[in-house]
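# A structural walkthrough
Now for the letters of each chain:
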Amino acid sequence: MDYGQARDFIKETGKYGSVYGLDSIRGLMARLGDVHEQLSMIHVAGTKGKGSVCTMLAGVLQAAGYRTGVYLSPAVFAPEESFQVGGGLIPQETFAQLAEKVQAACSAMTEEGLPHPTAFEVETAIAFCFFKQEGCDLVVLETGLGGTADATNLITRPVCSVITSISKDHMALLGNTLEEIAAAKAGIIKPGCPCVSAQQEPKVKKVLEQTAAAQNSELRFADDSRICSFLYKEENSEYATKKLHGTLALCGAFQKENLACVLETLALLRERGIVVTDEAIQDGLAKAWLPGRFEKISSAPDVYLDGAHNEGAALRLRETIQGCFVGRRVVYVIGIFADKEYEKLLSATLAEAAQVFTVTPNHPRALDGRQLAQLAQKYHPAVTYVPDLAQAAALAQEAAGKEGVVLAFGSFSFLPQFKRAVLKTVKNAGQTAGRSIEI
């Protein structure tokens, strides 16, 4: 099997849809030697901030000398982004080799009359095999959806569970209330294994506390007061904590909450014998980078990409805009899925925009950009639907002007195409992530 055939296998597996539960992934991993049981893993769930927390944790642990794997979803610009060891993406030939191995295990299951594993289960199995093959000391594992029934939740003894900020999302699958969603996320809390959580709303906090008590799990909540100022990596900018001084490559107001969660997790890991120096924390945070999370891709105008797609993320995005772009003309390009809280997203963010362009992401779950524009006009007088994404990129840059800002956000699915369109039209396309702004 070559790389193209491996990708075709994953695509073909998509026809089996999304089936939540652990029976299939357990059966698949049993046929692959249950290699996940031989890995030391930090398991991360939550509604927003998972990718950033995973990336920062992995960066610090790698800087501390541990061979560290990280499994992320979704991949934004390349499928290989989901599978990383030591800061590098999985080689395509390795992906093909492992996909062939997993495909054989899937065939064995169907021959026995069992359901074929889903695409996410297949990719999760590939990730476990990759990390085992690479001899990882530690793995940072991000859930795909929820927690309790997520394929990653077949692990039974994580080094630590981490729960980032919880808000309403994927309600058709996880529940209509915060309590129901929190209960699903809390499914990663394992008996006797410690857990760190970001600060949560009272209803969510109560659910996490009850779950942790039932599982005899030590639960700690990250404390934002650890951070006394917060600046981003650009020239001589720096963030500062009461104990550390350094630089942070990831940007956005929401990173303060994520950073607090990371620091609390690292404190817990230190207590359990994982050696992480202050210097490793400084170095790891300065190098941690995640595409599509308030990522700056060009200048004149400054163009940013972000995957904010629910009300909670939108509120944090608004906070970032208000703090970062005072006095500047900000133009939006928005594309969103139909199953998201898109009206709350619009009501939370549109007041900060000078002009708004809507698009239709190329995805079966996409909300038609025309419908999005009609809704957006309730909150903003200057909204235009643009059927072509490249045209939307050009119009947005023109509307912002060289001193302005273009912010493309909503679904991750349209960001790669948008980024390609922008990079074709600007001379200084090489100015990317890590060259950001100060809050």
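Placed above this text is the structure.
All figures in this text were calculated on a predicted structure; none of them were measured in a lab. Note that residues are indexed from 1 along each chain, following the sequence as it is written. This being a predicted model, a pLDDT of at least 70 is required before a residue's local features are given, and a value of 80 or more before pairs of side-chain atoms are given or counted; all residues contribute to the totals for chains, interfaces and linings. To get the side-chain values, take all heavy atoms of the structure and skip hydrogens and water.

### Things to note about the pairing of strand β5 (residues 138–142)
Burial classes follow relative accessibility: with a 1.4 Å probe on protein chains only, a residue under 20% of its type's maximum area counts as buried, one over 50% as exposed, and anything between as partly exposed. Segments assigned H or I by DSSP are reported as helices when at least four residues long, segments assigned E as strands when at least two residues long, and all are numbered from the N terminus. Most of β5 is tucked away, with five of its five residues classed as buried. Of the two faces of β5, the one lined by Leu138, Val140 and Glu142 and the one lined by Val139 and Leu141 are each fully buried. Relative to β5, strand β1 (residues 41–45) is paired through four bridges, and the arrangement is parallel. By the bridge assignment, Val44 is partnered in β5 with Glu142. Two strands pair when backbone bridges link them, and strand β2 (residues 68–71) and β5 are joined in this way by four bridges, in the parallel orientation. Pairing of Gly69 across the sheet is with Val139, part of β5. At least two DSSP bridges between two strands are required for those strands to pair.

### Some points on the environment of Val359
Tracing the backbone shows Val359 in the loop between β15 (355–358) and α13 (369–376). In the structure, Val359 is positioned 25 residues away from Ile334 in sequence and 6.1 Å away in space, judged by C-alpha atoms. The contact definition used throughout considers only heavy atoms, calling two residues in contact when any of these lie within 4.5 Å. Residues in contact with Val359, not counting those within four places in the same chain, are Val333, Ile334, Gly335, Leu367, Gly369, Tyr385, Val386, Leu389, Ala392 and Phe414.

### Describing the sheet that holds strand β14 (residues 330–335)
Reading across the sheet, the six strands line up as β12-β13-β17-β14-β15-β16 and stay open at both edges, with mixed pairing between neighbours. Where the open sheet ends on each side, the last strands, each with one partner, are β12 (295–298) and β16 (383–385). Ignoring which end each strand starts from, the neighbouring axes of this sheet average 20° apart. Examined bridge by bridge, strand β13 (residues 302–306) and strand β17 (residues 405–410) share five bridges and lie parallel to one another. The residue bridging Tyr304 from the neighbouring strand is Leu407, located in β17. Across the sheet, helix α11 (residues 311–324) lies against β13, β14 and β17, angled at about 175° from β17, the strand it touches most. Every axis in this analysis is a line fitted to C-alpha atoms, fitted for helices over the stretch in contact. Angles between the N-to-C directions lie between 0 and 180 degrees.

### Observations regarding the side chain of Gln397
Within the secondary structure, Gln397 sits in helix α14 (residues 389–400). Of the polar contacts made by the side chain of Gln397, one reaches the backbone oxygen of Ala393; its length is 3.1 Å. Any pair of N or O atoms that falls within 3.5 Å is considered a polar contact. Within protein, one atom must be able to donate a hydrogen and the other to accept it, and sequence-neighbouring residues count only if both atoms are side-chain atoms.

### Things to note about the pattern of salt bridges
A pair is scored as a salt bridge if a Lys or Arg side-chain nitrogen falls within 4 Å of a carboxyl oxygen belonging to Asp or Glu. Under the definition given, this model contains 17 salt bridges. With a closest N to O distance of 2.5 Å, Glu134 and Arg67 form a salt bridge. Here Glu134 is found in the loop between α5 (119–133) and β5, whereas its partner Arg67 is found in the loop between α3 (50–63) and β2, with 67 residues between them in sequence. In this structure Arg67 comes out as partly exposed when scored by relative accessible area, which is 33%. Between Glu264 and Arg220 there is a salt bridge; the shortest N-O distance is 4.0 Å. Taken together, the positions of Glu264 in helix α9 (residues 255–271) and Arg220 in strand β8 (residues 219–221) put the pair 44 residues apart, joining distant regions of the chain. Owing to a relative accessible area of 12%, Glu264 belongs among the buried residues under this scheme. In this structure Arg220 comes out as buried when scored by relative accessible area, which is 15%.

### Here's the deal with the sheet that holds β1
Taken in spatial order, the eight strands of this open sheet run β4-β3-β2-β5-β1-β6-β7-β8, and their pairing is mixed. Looking at which strands have only one partner, the edges of the open sheet turn out to be β4 (88–89) and β8. Together, β6 (160–163), β7 (195–197) and β8 form the strand contacts of helix α8 (residues 202–214), whose direction differs from that of β8 by roughly 155°. Against the sheet, α9 engages β1, β6, β7 and β8, with an angle of about 170° to β6.

### Some words on the packing of α11 against helix α12 (residues 342–349)
One way to put it is that α11 packs onto α12 with a least axis distance of 9 Å and a crossing angle of 15°. Here α12 runs roughly parallel to α11, going by the angle between their axes. Here the hand of the crossing between α11 and α12 comes out right-handed. Every residue of α12 that contacts α11 at Glu311, Ala314, Leu315 and Arg318 is listed here: Lys344, Leu345, Ala348 and Thr349. Grouping the amino acids of the contact of α11 with α12 by side-chain chemistry returns four nonpolar, one polar and three charged. Angles below 35 degrees are treated as roughly parallel, those above 145 as roughly antiparallel, those between 65 and 115 as roughly perpendicular, and all remaining angles as oblique. Each crossing gets its handedness from the near helix: less than a right angle anticlockwise from the far helix is left-handed, clockwise is right-handed. The residue classification treats Ala, Val, Leu, Ile, Met, Phe, Trp, Tyr, Cys and Pro as nonpolar and Asp, Glu, Lys and Arg as charged. All others, Gly included, are polar.

### What about the nonpolar core?
Throughout, nonpolar core names a set of buried Ala, Val, Leu, Ile, Met, Phe, Trp, Tyr and Cys residues whose side chains join them through atoms within 4.5 Å. The biggest cluster of nonpolar side chains holds 38 residues, and the ones touching the most others in it are Leu28, Phe95, Ile126, Phe128 and Phe131. Counting residues per element, the ones that place at least two in this core are α1 (3–13), α2 (23–30), β3 (83–85), α4 (92–111), α5 and β5. Those residues within four positions of Phe128 in sequence are excluded, and the remaining contacts are Met29, Val35, His36, Leu39, Met41, Leu141, Leu154 and Ile155. The next biggest cluster of nonpolar side chains, apart from the first, holds 35 residues, and it includes Ala58, Val60, Ile274 and Leu290.

### Examining the environment of Ser82
Mapped onto the secondary structure, Ser82 falls in the loop between β2 and β3. Apart from the residues within four sequence positions on either side, Ser82 is in contact with Val70, Tyr71, Leu72, Ser73 and Ala75. Side-chain polar atoms of Ser82 contact the backbone oxygen of Leu72, separated by 2.8 Å.

### So, the packing of aromatic side chains
The geometry of an aromatic ring pair comes down to the distance between the two centres and the angle between the two planes. When the centres of two rings from Phe, Tyr and Trp lie within 6.5 Å, Trp using its six-membered ring, the rings pair. Their planes under 30 degrees apart give stacked, over 60 give edge-to-face, and anything left gives tilted. The tally for this structure, following the rule as stated, stands at ten aromatic pairs. Relative to Phe325, the ring of Tyr304 has its centre 5.5 Å away and its plane inclined at 50°; by these criteria the two rings are tilted. Linking Tyr304 in strand β13 with Phe325 in the loop between α11 and β14, this pair joins segments that are 21 residues apart in sequence. On the accessibility criterion, Tyr304 (0% relative accessible area) is buried. Their ring planes at 85° and their centres at 5.0 Å tell us that Tyr332 and Phe409 sit as a pair that is edge-to-face. Residue Tyr332 is located in strand β14, and its partner Phe409 is located in strand β17; the two are separated by 77 residues in the primary sequence. Looking at Phe409, the relative accessible area reads 0%, which means it is buried. Linked through ring pairs, Tyr3, Tyr71, Phe83, Phe95 and Phe120 together constitute an aromatic cluster. Charge over a ring is defined by NZ of Lys or CZ of Arg lying within 6 Å of the ring centre and within 35 degrees of the ring normal. The ring of Phe221 carries the charged tip of Lys205 above its face, separated from the ring centre by 5.0 Å. The side chain of Lys419 reaches across the aromatic face of Phe77, ending 4.4 Å from its centre.

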